[in-house]
Structures are given as structure tokens and as C-alpha cells.
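# Understanding the architecture of this molecule
The chain contents come next:
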Amino acid sequence: MPPQLVNAVNLPVQNALNFPAAILQRPFFDPKADPAFNYGAIGSVIGHEISHSFDNNGALFDSTGALRNWWTPADFKRFQQAGDALAAQYDEYEALPGLHLNGKLTLGENIADVAGLAAAYDAYKHSLGGKEAQAIDGYSGDQRFFIAYAQAWATKMRDEQLRQRVLTDGHAPGQFRALTVRNLDPWYTAFDVKEGEKLYLAPDKRVKVW
Ligand SMILES: [Zn+2]
């Protein structure tokens, strides 16, 4: 990848994660921003890429990059159940009237989003060493974490482009990737999200990949 490309990739054969320089700036990373911002934005992207080493494709490669499936059948079954639930969740999203996302087409990426965001949140809490983050501009640390995640996926495109993406791209459009927060319990405490609200998901419908 050229350095000016905003992207990130996991290369299983090299057992490597690649982040070109262009993604290491706002809205993903800012060395001067507070940690909640960086964990919520680039942290979730890094978690997303790490997670690809532990998805249906990553399972095929061991820690040296050799093509050798190292998963137990029980782990794989549990992973597939979480995937089925997540595919059903994304199938419900309607990008344009009558045009729903394809939960199976985007499953690997949606799994990586859920797992990556959850891992980034855990890493953020760990970085605080048990202390509570100070409020900034009236927002708590957890609120800033989720706001940074959502803003990293701010998206604007024409309907035609949106339609093409929904039909062919293995990634959900950005505005739906932002909705990954619905699967994390801390999202509900951070913003006091209640049943009946748009970004509420019942506890038994929240998917925990790991
Ligand atoms: Zn990905």
C-alpha cells in the first residue's frame, strides 16, 4: 500500500498488520488528542486488524503464518454461532428503501468491528490503571471513546455509490459500522441508552465474539 492511502490490512502469510501513514492522522489518530479519542478511533482499527487473525480466515493460519488450522471444533462452533447472530443483525439494516445490507457478505468485517471495538475499549480501561478519566468538554472518557469511534466512520456518498457498495463491498458502509456500538454493554452505561431508542439492542441480541 502507498503511504498516502487511508487503509489498514492484516497479511496472514506474513503474520503482519500494516497501517500506512495516511491513516495515522485525524479522524483516526492524533498524538495530541486524549487517550479516549485514540483508543476509540485508531485503537478500534488496530483491534479490527488483530481480530482478522482470529476469524474464519485467520483460523487457517498458525502463529508462524503457516497454513495450519489450529482451532478446536468447539471454538469454531461457538464462533459460528456468534457469526450467525451478527449476520442476522446486519441483514436488518436498510441502506436505501428496500435495499438491506447483506449480513453474510459483510460478516468477516463486522466480526472484526465488534471484536476490535471491544478490545480497544478493554485496552482503554486498562490504560487508565483503575482510575476514572477526567471529563473533557462535559463528556466522560467512555463517551469520548464512543464519539471518536463514530466520527472515524463519518461517511457521505451518493445513493448510487451506496447501492453499489451494499451489493459488492465486503465492508458495511461507514454509517452502519458506527452502529457496532450496539453490541457493547459499556455503550449503554456511557450514554444511558434505553429500550425503544434507536441504538438500543436487547442484552440477548448483543453479539460478543470473544
Ligand atoms: Zn477488515
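Everything in this summary refers to the structure shown in the same document.

Conventions and cut-offs
Residues numbered from 1 in each chain as written. Predicted model: local features only at pLDDT ≥ 70, side-chain atom pairs only at ≥ 80, totals over all residues. Heavy atoms only, no water. Donors = N, O, S within 2.8 Å, 3.2 Å for Na, K, Ca; no water. Helix = DSSP H or I, 4+ residues; strand = E, 2+ residues; numbered from the N terminus. Buried < 20%, exposed > 50% of the residue type's maximum accessible area, 1.4 Å probe, protein only. Axes fitted to C-alpha atoms, helices over the stretch in contact; angles between N-to-C directions. Left-handed = near helix turned anticlockwise from the far one by under 90°. Contact = heavy atoms within 4.5 Å. Nonpolar A, V, L, I, M, F, W, Y, C, P; charged D, E, K, R; others polar. Phe/Tyr/Trp six-rings, centres within 6.5 Å; stacked < 30°, edge-to-face > 60°. 1 Å grid on protein atoms, 1.4 Å probe; cavity = no way out; pocket = protein on both sides within 12 Å on 5 of 7 lines; lining within 4 Å. Points joined across faces, edges and corners; volume = space filled by probe spheres on them. Bend = angle between axes of the 7 residues up to and from the residue. Polar contact = N/O pair within 3.5 Å; in protein donor to acceptor, adjacent residues only side chain to side chain. Salt bridge = Lys/Arg side-chain N within 4 Å of Asp/Glu carboxyl O.

This brings us to the coordination of the zinc ion. Surrounding the zinc ion are the protein donor atoms His48 (NE2), His52 (NE2) and Glu109 (OE), at 2.0 to 2.1 Å. When the donors of the zinc ion are listed by position in the chain, the intervening gaps give H-x3-H-x56-E. Highlighted residues: His48 in helix α1 (residues 35–51) and Glu109 in helix α3 (residues 107–127), separated in sequence by 61 residues. Each member of the pair, His48 as well as Glu109, carries the same accessibility label: buried.

To continue, consider the packing of α3 against helix α4 (residues 141–152). For the pair α3 and α4, the least separation of the axes is 11 Å and the interaxial angle reads 145°. Taken as a pair, α3 and α4 cross one another with a handedness that is right-handed. Judged by residue contacts, Asp113, Leu117, Ala120, Tyr121, Tyr124 and Lys125 of α3 engage Gly141, Asp142, Arg144, Phe145, Phe146 and Tyr149 from α4. The class makeup of the residues in the contact of α3 with α4 is 7 nonpolar, 1 polar and 4 charged.

In this section: the packing of aromatic side chains. What the rule picks out here adds up to 15 aromatic pairs. Between Tyr121 and Phe146, the ring centres sit 6.1 Å apart and the planes meet at 15°, which makes this aromatic pair stacked. Of this pair, Tyr121 sits in helix α3 while Phe146 sits in helix α4, placing them 25 residues apart in sequence. Judged by relative accessible area, Tyr121 falls into the buried class, the value being 10%. Judged by centre distance (5.6 Å) and plane angle (85°), the ring pair of Tyr188 and Tyr200 falls under edge-to-face. Within this pair, whereas Tyr188 is found in helix α7 (residues 185–191), its partner Tyr200 is found in the segment after α7, the two being separated by 12 residues in sequence. The residues Tyr188 and Tyr200 share a single accessibility class, namely buried. Among the aromatic side chains, those forming a connected cluster through ring pairs are Tyr39, Tyr121, Tyr124, Phe145, Phe146, Trp187 and Phe191.

Now for the packing of α1 against α4. Geometry of a packed helix pair, given as the angle between the helix axes and the separation of the axes. Following both chains from N to C, one finds α1 and α4 inclined at 40°, their axes separated by 7 Å at the closest point. Crossing hand, α1 versus α4: right-handed. Together, Ala36, Phe37, Tyr39, Gly40, Ala41 and Ser44 of α1 and Gly141, Arg144, Phe145, Ala148, Tyr149 and Ala152 of α4 make up the contact between the two elements. Taken together, the residues of the contact of α1 with α4 sort by class into 8 nonpolar, 3 polar and 1 charged.

Empty space among the atoms becomes visible once a probe the size of a water molecule is rolled across them. As a volume, the largest pocket reaches approximately 510 Å³. For the largest pocket, the lining is made up of 24 residues, of which Ala8, His48, Glu49, Glu109 and His171 are closest to its centre. Of all elements in the fold, only β1 (9–11), α1 and α3 reach the threshold of two or more residues within the lining of the largest pocket. Here the lining of the largest pocket takes 4 residues from α1, the largest share from any one element. Grouping the constituent residues of the lining of the largest pocket by class yields 9 nonpolar, 10 polar and 5 charged.

Right, let's get into α1. Residue Gly43 marks the point of greatest curvature in α1, where the axis turns by about 40°. Within α1, 13 of the 17 residues are buried, which leaves it mostly tucked inside the rest of the structure. By the N-cap criterion, in which a side-chain oxygen at the helix start approaches the backbone nitrogen of a residue two or three places on, α1 is capped by Asp34, the distance to Ala36 being 3.1 Å.

This brings us to the pattern of salt bridges. Inspection of every chain in the model, using the stated rule, returns 9 salt bridges. Asp192 is the salt-bridge partner of Lys194, the closest N and O atoms lying 2.4 Å from each other. If you follow the salt bridges from partner to partner, you end up with Asp185, Arg206 and Lys208 in one network.

This next bit is on the environment of Arg182. Mapped onto the fold, Arg182 is located in the loop between α6 (174–177) and α7. Residues Arg182 and Tyr93, 89 residues apart in the sequence, show an inter-C-alpha distance of 13 Å. Contacts of Arg182, omitting those with residues within four sequence positions, involve Gln89, Tyr93, Trp187, Tyr188, Lys198, Leu199, Tyr200, Leu201 and Arg206. Among the polar contacts made by the side chain of Arg182, one reaches the side chain of Tyr93 at a distance of 2.8 Å.

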